[in-house]
Amino acid sequence: MREISPCEIKENIIKLISKDWALLSAGKKDAWNTMTVSWGMAGELWGKDVVSVFVRPQRYTKKFIDENDYFSLCFFDENYKDALKICGSKSGRDIDKAAATGLVPRFDESAVYFEQAKLVIICKKIASREMSPESFIEESIKDNYPAGDYHTTYIGEIVTVLEK
Ligand SMILES: Cc1cc2nc3c(=O)[nH]c(=O)nc-3n(C[C@H](O)[C@H](O)[C@H](O)COP(=O)(O)O)c2cc1C
């Protein structure tokens, strides 16, 4: 993989996240997890290139994001959609996602990402906040939370982008 700058990402980042999906991962070699996400965004905040991701409290991956300073977003070709379906429907509490999908984890000093990814965005966690229903201006947004499991928003400063 070669390192590029965030502005050199060629594909439409909205499509990449919302339609193609991504794996959100955090942890070190001895303890890590990954999950599929399709809600997220990328842009600029506080003078930094950032992404934000949204994680419900019951996700096992949340523990790894909370306990580590970095997380990664990995994007894949269409033929990995089944792997992303597994990572988005099973919990790392119950299965070994690498064994179940054949995805091979790679570890740099900060984050875990996957060998098969076509694009990897490694982020340093710089802010997080749990969503609160009082902040929803449009009433219908509450429909996303019948169980009251409001997402935590994580904002990550993009520190490395790798592309195949
Ligand atoms: C297409 C797709 C998109 C998803 N997007 C999100 C998301 O943005 N935030 C979230 O908390 N869960 C999302 N999920 C659900 C998690 O990926 C799923 O609950 C997963 O099994 C959690 O795994 P874990 O318990 O190992 O962390 C999504 C699932 C799918 C299939």
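Remember, it's a predicted structure, so these values are computed and weren't measured experimentally.

Visitor: Before we go on, may I ask you to explain the packing of aromatic side chains in this structure?
Guide: One pair of aromatic rings is described through two measures. These are the centre distance and the angle between the planes. According to the stated counting rule, one finds 8 aromatic pairs in the structure shown. Between Trp32 and Phe107, the aromatic rings sit 6.3 Å apart at their centres with planes inclined by 70°, giving edge-to-face as the arrangement. Within this pair, whereas Trp32 is found in strand E3 (residues 31-37), its partner Phe107 is found in strand E7 (residues 105-107), the two being separated by 75 residues in sequence. A relative accessible area of 18% means that Trp32 is categorised as buried. Their ring planes at 65° and their centres at 5.8 Å tell us that Trp32 and Phe114 sit as a pair that is edge-to-face. Taken together, the positions of Trp32 in strand E3 and Phe114 in strand E8 (residues 112-114) put the pair 82 residues apart, joining distant regions of the chain. Each member of the pair, Trp32 together with Phe114, is buried.

Visitor: How should the pattern of salt bridges be read in this particular structure?
Guide: Any two side chains of opposite charge can pair, on the condition that their charged atoms come close. Under the definition given, this model contains 10 salt bridges. The shortest N-O distance in the salt bridge between Glu163 and Arg2 comes to 2.8 Å. Of this pair, Glu163 sits in strand E10 (residues 152-163) while Arg2 sits in strand E1 (residues 2-4); the two residues are 161 residues apart in sequence, bridging distant segments of the chain. Judged by its relative accessible area of 11%, Glu163 is buried.

Parameters and conventions
- Residues numbered from 1 in each chain as written.
- Predicted model: local features only at pLDDT ≥ 70, side-chain atom pairs only at ≥ 80, totals over all residues.
- Heavy atoms only, no water.
- Phe/Tyr/Trp six-rings, centres within 6.5 Å; stacked < 30°, edge-to-face > 60°.
- Helix = DSSP H or I, 4+ residues; strand = E, 2+ residues; numbered from the N terminus.
- Buried < 20%, exposed > 50% of the residue type's maximum accessible area, 1.4 Å probe, protein only.
- Salt bridge = Lys/Arg side-chain N within 4 Å of Asp/Glu carboxyl O.

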